[in-house]
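The chain contents come next:
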Amino acid sequence: MAFKNIIDLHVHTDSSFDGHHSAMFLCESAEGAGLRALAFTDHIEIDRYKQDRFDVTARDSYFHAANARSAFSGKLIVGIGVELGQPAYDPETAEKLLSVIDYDIVIGSVHNLRGMKDFCDLDYENEGACYEKLLDEYFDEELELAKWNGFDTLGHLTYPLRYIIGEQKKNVDLKKYSDKIDAILRTVAENGKALEINTSGLRQPYGVTMPELDIVRRFRELGGEFVTVGSDAHYANDLGAGIEEGMKIAREAGFSCISLFKSRMATPVPIE
Ligand SMILES: [Zn+2]
Ligand SMILES: [Zn+2]
């Protein structure tokens, strides 16, 4: 590896509905792959919290992550985090969860518009046919999330593009949304929060990080101080995937460090 410290702050275990490996196995794999640190960030979809029993998921996820952290003490830095989906749709539930579990890192994400399916499951022939309207509403929701401000890092800002460009092969001109994207980035920067460079797009048809370099650079220009890098791995094989690419993007955007989070405080780790 070209970089000394490979830190992957977005990893799902089999406590997540879409994860495939246990926290313990993922730690074993991460240590074997030479990672310095990782954070488990299982999905808690706040707008479906009660109906999908995410209270059970949250406890299960924390328990297994804490066991793995003890077992790998001194060998691997293990963060216990969460990826909160749509927290601004039900802030009360989100804040209650965060008040009872002491996470190291909270990723804030929007996976679906209000009352709609996840962008990965949308029917792009029908409800998802007008992708410009989808993106318009999506960036409004990202701004609501940024204003809610209860997270540490803003997850995969360009998430719908993984499907709209990567799978539906549509041409999207992000310049149309640049005012909205600026407002989101400015809010995150002013609130002293981090922007995530999510590298999962690199190993999917979309082929690029979420977001790409131009947006990370703009975040820096608007005063952003913190970035995290995460693979969004759902399998042990994807641990650390693209992290170095993400670190290069952070450096090109003007950051000298990436952030590691412990008890929701950022620690700078030099990109070297
Ligand atoms: Zn996500
Ligand atoms: Zn994720």
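Described in the following lines is the structure provided in the data block. (Residues numbered from 1 in each chain as written. Chains lettered and ligands numbered in written order. Predicted model: local features only at pLDDT ≥ 70, side-chain atom pairs only at ≥ 80, totals over all residues.)

Attention now moves to the sheet that holds strand 1 (residues 7–11). Either a parallel or an antiparallel arrangement is found when strands of a sheet pair, and the pairing is made through backbone hydrogen bonds. Reading across the sheet, the seven strands line up as 1-2-3-4-5-6-7 and stay open at both edges, with parallel pairing between neighbours. Each having just a single partner strand, strand 1 and strand 7 (226–230) make up the two edges of the open sheet. (Pairing = 2+ DSSP bridges. Helix = DSSP H or I, 4+ residues; strand = E, 2+ residues; numbered from the N terminus.)

Attention shifts here to the nonpolar core. Judged by nonpolar contacts, the single largest core of 79 residues is most densely connected at Ile44, Leu84, Leu195, Val216, Val227, Val229 and Ala250. In this structure, Leu84 is in contact with Ile44, Ile46, Ala94, Val106, Ile107, Gly108, Ser109 and Phe151, ignoring residues within four places of it in sequence. (Core = buried A, V, L, I, M, F, W, Y, C linked by C-beta atoms within 7 Å. Buried ≥ 20, exposed ≤ 12 C-beta atoms within 10 Å, placed from the backbone. Contact = placed C-beta atoms within 7 Å.)

The next thing to look at is the environment of Gly192. Position of Gly192 relative to the elements: it lies in the loop between helix 6 (178–190) and strand 6 (194–198). Spatially, the C-alpha atoms of Gly192 and Thr153 are 9.7 Å apart, while their sequence positions differ by 39 residues.

Since the α-helix turns once every 3.6 residues, residues separated by three or four places project in the same direction. Compared with the 26 Å implied by 1.5 Å per residue over 18 residues, the 26 Å span of helix 2 (residues 54–71) between its first and last C-alpha is a close match. Along helix 2, the residues that are buried comprise Phe54, Ala58, Ser61, Tyr62, His64, Ala65 and Ala68. Those residues of helix 2 that are buried lie in contact with helix 1 (23–32), strand 2 (37–45), strand 3 (77–85) and helix 3 (91–100). (Expected span 1.5 Å × (residues − 1).)

This part covers the environment of Ile77. With respect to the helices and strands, the residue Ile77 is situated in strand 3. For the pair Ile77 and Phe139, spaced 62 residues apart in the sequence, the C-alpha separation amounts to 34 Å. Those residues in contact with Ile77 that sit more than four places away from it in its chain are Arg36 and Ala37.

What follows deals with the pairing of strand 4 (residues 105–109). Remember that side chains alternate between the two faces of the sheet whenever the strand is regular. Across the five residues that make up strand 4, a large majority, five, are buried. Neither face of strand 4 is exposed, since Ile105, Ile107 and Ser109 on one face and Val106 and Gly108 on the opposite face are all buried. In this structure, strand 3 lies alongside strand 4, joined through five bridges in parallel fashion. Following the sheet pairing, Gly81 is matched in strand 4 by Ile105.

Here Gly240 is to be found in the loop between strand 7 and helix 8 (243–252). Placed 72 residues apart in sequence, Gly240 and Gln168 show a C-alpha to C-alpha distance of 27 Å. Once residues within four sequence positions are removed from consideration, Gly240 is found in contact with Ile6, Asp8, Ala33, Leu35 and Ser231.

This part takes up the packing of helix 4 (residues 131–148) against helix 6. Their axes nearest at 9 Å, the elements helix 4 and helix 6 cross at an angle of 15°. As summarised for this structure, helix 4 and helix 6 are arranged roughly parallel, according to the angle between their axes. The element helix 4 and its partner helix 6 pack so that their crossing is left-handed. On helix 6, the residues that touch Phe139, Asp140, Glu142, Leu143, Ala146 and Lys147 of helix 4 are Lys180, Ile181, Ala183, Ile184, Thr187 and Val188. In terms of residue class, the contact of helix 4 with helix 6 is made up of seven nonpolar, one polar and four charged. (Axes fitted to C-alpha atoms, helices over the stretch in contact; angles between N-to-C directions. Parallel < 35°, antiparallel > 145°, perpendicular 65-115°, else oblique. Left-handed = near helix turned anticlockwise from the far one by under 90°. Nonpolar A, V, L, I, M, F, W, Y, C, P; charged D, E, K, R; others polar.)

Between two packed helices, the angle of one axis relative to the other and the distance separating the axes together describe the packing. Two numbers describe how helix 6 lies on helix 7 (residues 213–221): the axes approach to 9 Å, and their chain directions differ by 50°. One way to sum up the angle between helix 6 and helix 7 is to call them oblique. In this structure, the crossing between helix 6 and helix 7 has a hand that is right-handed. Where helix 6 approaches helix 7, its residues Ile181, Asp182, Leu185 and Ala189 are matched on the opposing element by Ile215, Arg218 and Phe219. Broken down by class, the residue content of the contact of helix 6 with helix 7 amounts to five nonpolar, no polar and two charged.

For the rest of this paragraph, the subject is unusual backbone geometry. Note the cis peptide between Met210 and Pro211, where omega equals -5°. Mapped onto the secondary structure, Pro211 falls in the loop between strand 6 and helix 7. The backbone of Lys169 sits at a positive phi, close to 60°, despite the residue not being glycine. Mapped onto the secondary structure, Lys169 falls in the loop between helix 5 (161–164) and helix 6.

On to the pairing of strand 9 (residues 265–270). Two strands pair when backbone bridges link them, and strand 8 (residues 257–262) and strand 9 are joined in this way by six bridges, in the antiparallel orientation. Within the sheet, the bridge partner assigned to Phe261 lies in strand 9 and is Ala266. Hairpin connection between strand 8 and strand 9: a loop of two residues separates the two successive antiparallel strands, and Ser263 in this loop has a positive phi of roughly 50°.

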